[in-house]
Amino acid sequence: FVAERRAMGSPLRLQLHGAFGEEARLAWQRVSDEFELAEAAMSRFRADSELTQLNALAGSGEAVAVGARLYAALAAAHRAARVTGGRFDARVLDDLDRLGYRGAALPDRAGAAGGDRERTGGRWLERCPRARTIRVAARVDLGGIGKGLTLRWAWRRLGIAPSSSVGALIEAGGDLVCGGPTREGGPWMIAVDDPAEHGRPIAVVALDAGAVCTSSLGVHRWTAPDGRAVHHLIDPATGEPGGAGLSSVTVASSDPAWAEV
């Protein structure tokens, strides 16, 4: 069973082995629903998303009640920044907008982008678990980690156990999670595209279960307002496109959100 659609700006695909008919249809519905709910919570491109409404109030000191998905995603992004010593930092939304990769319209603010990171340091998020309210001091983008978290949540909704007779692979763009038996037996064979020649694998990852996430310069490249060729992978230390000399990076992990980080 294979089903496909677009979600979060990427092709979304579910591949199932050992599930058919109504069981397979319900599995696809659970995956598709999870991506719809996550997009409504975390998309920076939707004016009506929870994240856009929160970002509109960034720096105001106002606490906002948010849903469980956005609350969990912001907590994960904040933890990831601490664990990586700031090498991962979600506070790049204004940088992306400045470079021309604009999302939903937000109020203009003087000194945004990198200045927010300098002013707020690591203390940009305040949470109240009891009321599930959030206060942010800087605007955030949850693109990569948000997709990884959505894959994690969709996988949990499928309920594929290590001993299951059903195997599944969920793919969203360059990110995927898989587990359970394959049609041929043995591990899932995940091809990694050569960034210089789309469609030709440069490597193959053999995976019994877990996640493989790839970020590359092959899709989200554009010309900035100042005429520079830029891409979407931002170095938080500079607020500019990073990864000097790299064209693609692939990470295999037990969890898609941490592979993204």
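Scroll up for the structure.
Just so it is clear, the structure is predicted and the values come from calculations on it, not from any experiment.

1. Some points on the side chain of Asp 255
- Examined against the element boundaries, Asp 255 turns out to sit in the loop between strand S15 (248–253) and helix H7 (256–260).
- Judged by its relative accessible area of 13%, Asp 255 falls in the buried class.
- Within polar-contact distance, the side chain of Asp 255 engages the side chain of Arg 152 at 2.8 Å.
- A distance of 3.1 Å separates the side chain of Asp 255 from the backbone nitrogen of Ala 257, its partner in a polar contact.
- Setting aside anything within four residues of it in sequence, one finds Asp 255 in contact with Arg 152 and Ala 211.

2. Observations concerning unusual backbone geometry
- Despite not being glycine, Met 8 has its phi angle at roughly 55°, a positive value.
- Within the secondary structure, Met 8 is located in the loop between strand S1 (2–7) and strand S2 (10–17).

3. A word on the sheet that holds strand S6 (residues 167–172)
- If you trace the six strands from one edge of the open sheet to the other, you get S1-S2-S6-S7-S10-S15, paired in antiparallel fashion. Unpaired on one side and paired on the other, S1 and S15 mark the two borders of the sheet. Sheet twist, expressed as the mean angle between neighbouring strand axes with direction ignored, is 10°.
- In this sheet, strand S10 (residues 210–216) lies alongside strand S7 (residues 175–179) in antiparallel orientation, the contact comprising four bridges. The residue of S10 that forms the bridge with Leu 176 is Val 212.
- On the sheet, helix H1 (residues 21–42) packs against S1, S2 and S6 and is oriented at approximately 155° with respect to S2.

4. Describing the state of the cysteines
- Per the counting criterion, the structure on display carries zero disulfides.
- Free of any disulfide, Cys 213 has its nearest cysteine sulfur in Cys 178, 11 Å distant.

5. Quick look at the nonpolar core
- Core analysis: the largest hydrophobic core is formed by 48 residues, its most contacted members being Phe 35, Leu 142 and Ile 170.
- At the level of elements, S1, S2, H1, helix H2 (50–55), helix H3 (68–83), strand S5 (133–136), helix H6 (143–158) and S6 are the ones that each hand at least two residues to this core.
- When residues of this core are assigned to their parent elements, the largest contribution, eight residues, is made by H1.
- When residues no more than four places from it in sequence are discounted, the contact partners of Leu 142 are Met 42, Leu 51, Leu 70, Ala 73, Leu 74, Ala 77, Ala 90 and Lys 147.

6. Observations concerning the layout of surface pockets
- In this structure, the second largest pocket occupies an estimated 280 Å³ of space.
- Lining the second largest pocket are 20 residues, and of these Trp 155, Cys 178, Gly 179, Ala 209 and Gly 210 sit closest to its centre.
- Counting residues per element, the ones that place at least two in the lining of the second largest pocket are H6 and S7.
- Class assignment for the residues of the lining of the second largest pocket results in eleven nonpolar, five polar and four charged.

7. Regarding the pairing of strand S8 (residues 188–194)
- Here S8 runs beside strand S9 (residues 197–207); their pairing, made up of seven bridges, is antiparallel. Paired with Ala 191 across the strands is Val 204, a residue of S9.
- In textbook terms, the turn of a hairpin is the stretch between consecutive antiparallel strands, and for S8 and S9 this stretch comprises two residues.

8. Observations concerning the packing of aromatic side chains
- Applying the stated criterion to the full structure yields two aromatic pairs.
- Taking 4.9 Å as the distance between ring centres and 40° as the angle between the ring planes, the aromatic pair formed by Tyr 101 and Trp 222 counts as tilted. Within this pair, whereas Tyr 101 is found in the loop between helix H4 (93–99) and helix H5 (114–120), its partner Trp 222 is found in strand S11 (residues 221–223), the two being separated by 121 residues in sequence.
- One aromatic cluster is present, formed by Phe 45, Tyr 101 and Trp 222 through successive ring pairs.
- Above the face of the Tyr 101 ring, Arg 44 is positioned so that its terminal group lies 4.8 Å from the ring centre.

9. Quick notes on the environment of Ala 131
- Structurally, the position occupied by Ala 131 is in the loop between strand S4 (125–128) and S5.
- Along the primary structure Ala 131 and Leu 233 are separated by 102 residues, whereas in three dimensions their C-alpha atoms are 34 Å apart.

10. Notes on the packing of H3 against H6
- At a closest axis distance of 10 Å, the pairing of H3 and H6 adopts a crossing angle of 120°. In this view, H3 runs oblique relative to H6, as classed from their interaxial angle. As H3 packs across H6, the resulting crossing turns out to be right-handed. Between H3 and H6, the contacting residues are Arg 69, Ala 72, Ala 73, Ala 76, Ala 77 and Ala 80 on the first element and Ile 145, Leu 149 and Trp 153 on the second.

Quick notes on the rules
- Residues numbered from 1 in each chain as written.
- Predicted model: local features only at pLDDT ≥ 70, side-chain atom pairs only at ≥ 80, totals over all residues.
- Heavy atoms only, no water.
- Helix = DSSP H or I, 4+ residues; strand = E, 2+ residues; numbered from the N terminus.
- Buried < 20%, exposed > 50% of the residue type's maximum accessible area, 1.4 Å probe, protein only.
- Polar contact = N/O pair within 3.5 Å; in protein donor to acceptor, adjacent residues only side chain to side chain.
- Contact = heavy atoms within 4.5 Å.
- Pairing = 2+ DSSP bridges.
- Axes fitted to C-alpha atoms, helices over the stretch in contact; angles between N-to-C directions.
- Disulfide = S-S within 2.5 Å.
- Core = buried A, V, L, I, M, F, W, Y, C linked by side-chain atoms within 4.5 Å.
- 1 Å grid on protein atoms, 1.4 Å probe; cavity = no way out; pocket = protein on both sides within 12 Å on 5 of 7 lines; lining within 4 Å.
- Points joined across faces, edges and corners; volume = space filled by probe spheres on them.
- Nonpolar A, V, L, I, M, F, W, Y, C, P; charged D, E, K, R; others polar.
- Phe/Tyr/Trp six-rings, centres within 6.5 Å; stacked < 30°, edge-to-face > 60°.
- Lys NZ or Arg CZ within 6 Å of the ring centre and 35° of its normal.
- Parallel < 35°, antiparallel > 145°, perpendicular 65-115°, else oblique.
- Left-handed = near helix turned anticlockwise from the far one by under 90°.

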